[in-house]
2 protein chains.
Amino acid sequence: MNQIIKPTVILVRPQMGENIGAVARAMRNFGLAELRIVAPRDGWPNPAAEAMAAHGADIIHQAKVYTTLPEALADVHYCYALTARDRRMSKPCVTPKEGADEMVSRTQQGQKVALMFGPERSGLENEDVAQSQAIVTIPTDEQYASLNIAQSAVVMCYEWFQAQREDEASVPRIPAPQAEWQHFFAFTEQALDESGFFKDDAKKTRLWQNVRSTFQRAELTAPELRTLFGIMQSLRRK
Amino acid sequence: MNQIIKPTVILVRPQMGENIGAVARAMRNFGLAELRIVAPRDGWPNPAAEAMAAHGADIIHQAKVYTTLPEALADVHYCYALTARDRRMSKPCVTPKEGADEMVSRTQQGQKVALMFGPERSGLENEDVAQSQAIVTIPTDEQYASLNIAQSAVVMCYEWFQAQREDEASVPRIPAPQAEWQHFFAFTEQALDESGFFKDDAKKTRLWQNVRSTFQRAELTAPELRTLFGIMQSLRRK
């Protein structure tokens, strides 16, 4: 984690200082630190933001304020826009967990990633969303879709924290490459043909498809697949 | 979902009306409805709670107030206590996602499930936690573990909503029972012994363990396992 740049949070035209403070608090709880604020309605600094931030007060003190969104995005490689509404834009639209997993891999690749939240009353304008690379929508009760920015920030910071923890804990399992599967399946199909496993030509296609998906479900590594290959060869030789 | 009793949220000795309202708002966003309040510091009703609840105001109106926690828990079968601290109690301790998945299965089995949150300043007392069946701890930055109740409620309501959505979408895959695996492994082990697969008795134990875990990783259903069994038998016959 040490060398990796963590995601930045960008609040676009936030209205209530209390909400800015609550976002900073959630950021601190979940290990994020960089806050950018675009054109805050009540100016800056804002005592209400500081009061609400609790242990996130230093995030408020270090927050950078910008006049326009393009300035706040200048050094960002990939920005996720949080929005409840379907924007009918041709952008990837992901869940919070998908977005968080993506953010972890992007930061590992050296990208500077941002999460962008809109003003309380109206959310992000289409023009704001157009400046993002992807949309995150938090699934909610259909009738009451509007989360406030502090709530959305809790969900996203929480998911990011879980994603980077899981990433640290996980040992990557690399599945066997397709070429090895093809080799394995070619051998097995022929062996089964010769042994009379496919009693009926008509049913063979479907049965053989099912057998292949069953084997592939296990996402075997190359060494595991070779062991399985060894088993098939050994049984056949006998 | 219609016939299932959704989880109840219990706030124990909450202090700020604003936080009670924020919890109700989060509940509404994520489809929960029943709120119970034990000994609220500022009495009840509380105008600040109503103001903060936004579209969750009816949850505030319908909230039931209790004098003691045992009364609020009387009809509850399984209660999760939210706490950041390690209580050294012999209770299951789960993550929000694990807790949410469990809650979904418990409610499906007809259990009335509750999520219990403590007062803002001090959190739940040990005596409160002792009345729960399990502990949920939200993983956070180690230095800043304290989430306020509204933030914790957002995380838990969010995870519950995801868990029940996934549950609705999923077609349960029932893995083959152990007896079928034992039968399959007994046959395969003998066939491999006879075919000379285990060249070396010393290495057999380890290799055979690996082979079994490889097969079991796929969590095959009974029909899939039978197909695999058929393959092994067919190859051996030849």
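Remember, predicted model here, so these are calculated numbers, not experimental data.

*Asks:* Which residues make up the interface of chain A and chain B, and what values go with them?
*Replies:* At the junction of the two partners, chain A supplies 51 residues and chain B supplies 51 residues. Across the chain A/chain B interface, buried area totals approximately 4,500 Å², and carbon plus sulfur atoms make up 65% of it. Taken together, the connections running from chain A to chain B amount to 0 salt bridges. Taken together, the connections running from chain A to chain B amount to 14 residue pairs in polar contact (both at pLDDT 80 or more).

*Asks:* A description of the packing of helix α10 (residues 222-237) of chain A against helix α10 (residues 222-237) of chain B should follow, citing residues and the corresponding values.
*Replies:* The geometry of α10 of chain A relative to α10 of chain B is characterised by a closest axis approach of 6 Å and an angle of 40° between their N-to-C directions. Looking at the two axes, α10 of chain A sits oblique to α10 of chain B. The interaxial crossing formed by α10 of chain A with α10 of chain B has right-handed handedness. Only I231, M232, L235 and R236 of chain B of α10 of chain B make contact with α10 of chain A, whose side of the interface consists of I231, M232, L235 and R236 of chain A. Looking at the contact of α10 of chain A with α10 of chain B, its residues break down into 6 nonpolar, no polar and 2 charged.

*Asks:* Before we move on, can you summarise the nonpolar core with the specific residues and values?
*Replies:* With 80 residues, the main nonpolar core has L35, Y80 and F117 of chain A together with L35, Y80 and F117 of chain B as its most contacted residues. Grouped together as the second largest cluster of nonpolar side chains are 42 residues, V211 and F215 of chain A together with F185 and M232 of chain B included.

*Asks:* Quick one: what's the story with the pairing of strand β1 (residues 8-12) of chain B, residue by residue and with numbers?
*Replies:* Residue and element names in this part refer to chain B. Extensive coverage of β1 is indicated by the burial of 5 of its 5 residues. Neither face of β1 is left uncovered, since the one carrying T8, I10 and V12 and the one carrying V9 and L11 both have all their residues buried. Judged from the 4 bridges that link them, β1 and strand β6 (residues 113-117) form a sheet pairing that is parallel. Within β6, the residue paired with T8 across the bridge is A114. Sheet analysis places β1 next to strand β2 (residues 35-38), joined by 4 bridges and oriented parallel. Bridge pairing links I10 to R36 in β2. Regarding the hand of the β-α-β motif, the stretch spanning β1, helix α1 (residues 17-29) and β2 is right-handed.

*Asks:* So what's going on with the packing of α1 of chain B against helix α7 (residues 149-169) of chain B? Which residues, and what values?
*Replies:* Residues and elements named next belong to chain B. One can describe the packing of α1 onto α7 by two numbers: an axis separation of 8 Å at closest approach and a directional angle of 10°. Of the possible angle classes, the one that applies to α1 and α7 is roughly parallel. Of the residues in α7, those touching α1 at N19, A22, V23, A26 and M27 are I149, A150, A153, V154 and C157.

*Asks:* Hey, could you go over the relation of the copies chain A and chain B for me, with residue numbers and the actual values?
*Replies:* The second copy of the chain is related to the first by a rotation about an axis and a shift along the axis. The two copies are related by a screw motion: chain A maps onto chain B through a turn of 180° and a shift of 0.2 Å along the axis, at an RMSD of 0.5 Å. The superposition of one copy onto the other is thereby described by a two-fold rotation axis. The position closest to the rotation axis in chain A is occupied by the C-alpha of A218 of chain A, lying 2.1 Å away. Mapped onto chain B, 100% of the interface residues of chain A again fall at the interface, so both copies present the same surface.

*Asks:* How would you sum up the sheet that holds β2 of chain B? Please name residues and give values.
*Replies:* All names here are of chain B. Pairing is parallel across the open sheet formed by 7 strands, whose spatial order is β3-β2-β1-β6-β4-β7-β5. On the outer flanks of this sheet lie β3 (64-66) and β5 (93-94), each paired with one strand and no other. With respect to the sheet, α1 is in contact with β1 and β2, its orientation differing from that of β1 by roughly 170°. Of the strands in this sheet, β1, β4 (78-82), β6 and β7 (134-136) touch α7, which is tilted by about 155° from β6.

*Asks:* Could you give an account of the side chain of Q15 of chain B, naming the residues involved and the relevant values?
*Replies:* Tracing the backbone through its elements, the reader meets Q15 of chain B in the loop between β1 and α1. Not counting residues up to four positions away in its chain, the partners in contact with Q15 of chain B are R41, D42, P119, E120 and R121 of chain B.

Conventions we followed
- Residues numbered from 1 in each chain as written.
- Chains lettered and ligands numbered in written order.
- Predicted model: local features only at pLDDT ≥ 70, side-chain atom pairs only at ≥ 80, totals over all residues.
- Heavy atoms only, no water.
- Contact = heavy atoms within 4.5 Å.
- Buried area = accessible area lost by both parts, 1.4 Å probe.
- Salt bridge = Lys/Arg side-chain N within 4 Å of Asp/Glu carboxyl O.
- Polar contact = N/O pair within 3.5 Å; in protein donor to acceptor, adjacent residues only side chain to side chain.
- Axes fitted to C-alpha atoms, helices over the stretch in contact; angles between N-to-C directions.
- Helix = DSSP H or I, 4+ residues; strand = E, 2+ residues; numbered from the N terminus.
- Parallel < 35°, antiparallel > 145°, perpendicular 65-115°, else oblique.
- Left-handed = near helix turned anticlockwise from the far one by under 90°.
- Nonpolar A, V, L, I, M, F, W, Y, C, P; charged D, E, K, R; others polar.
- Core = buried A, V, L, I, M, F, W, Y, C linked by side-chain atoms within 4.5 Å.
- Buried < 20%, exposed > 50% of the residue type's maximum accessible area, 1.4 Å probe, protein only.
- Pairing = 2+ DSSP bridges.
- Right-handed = clockwise from strand over helix to strand, strands pointing away.
- Least-squares fit on C-alpha atoms with pLDDT ≥ 70 in both.

So far we have only geometry, and geometry alone does not tell us how the molecule works.
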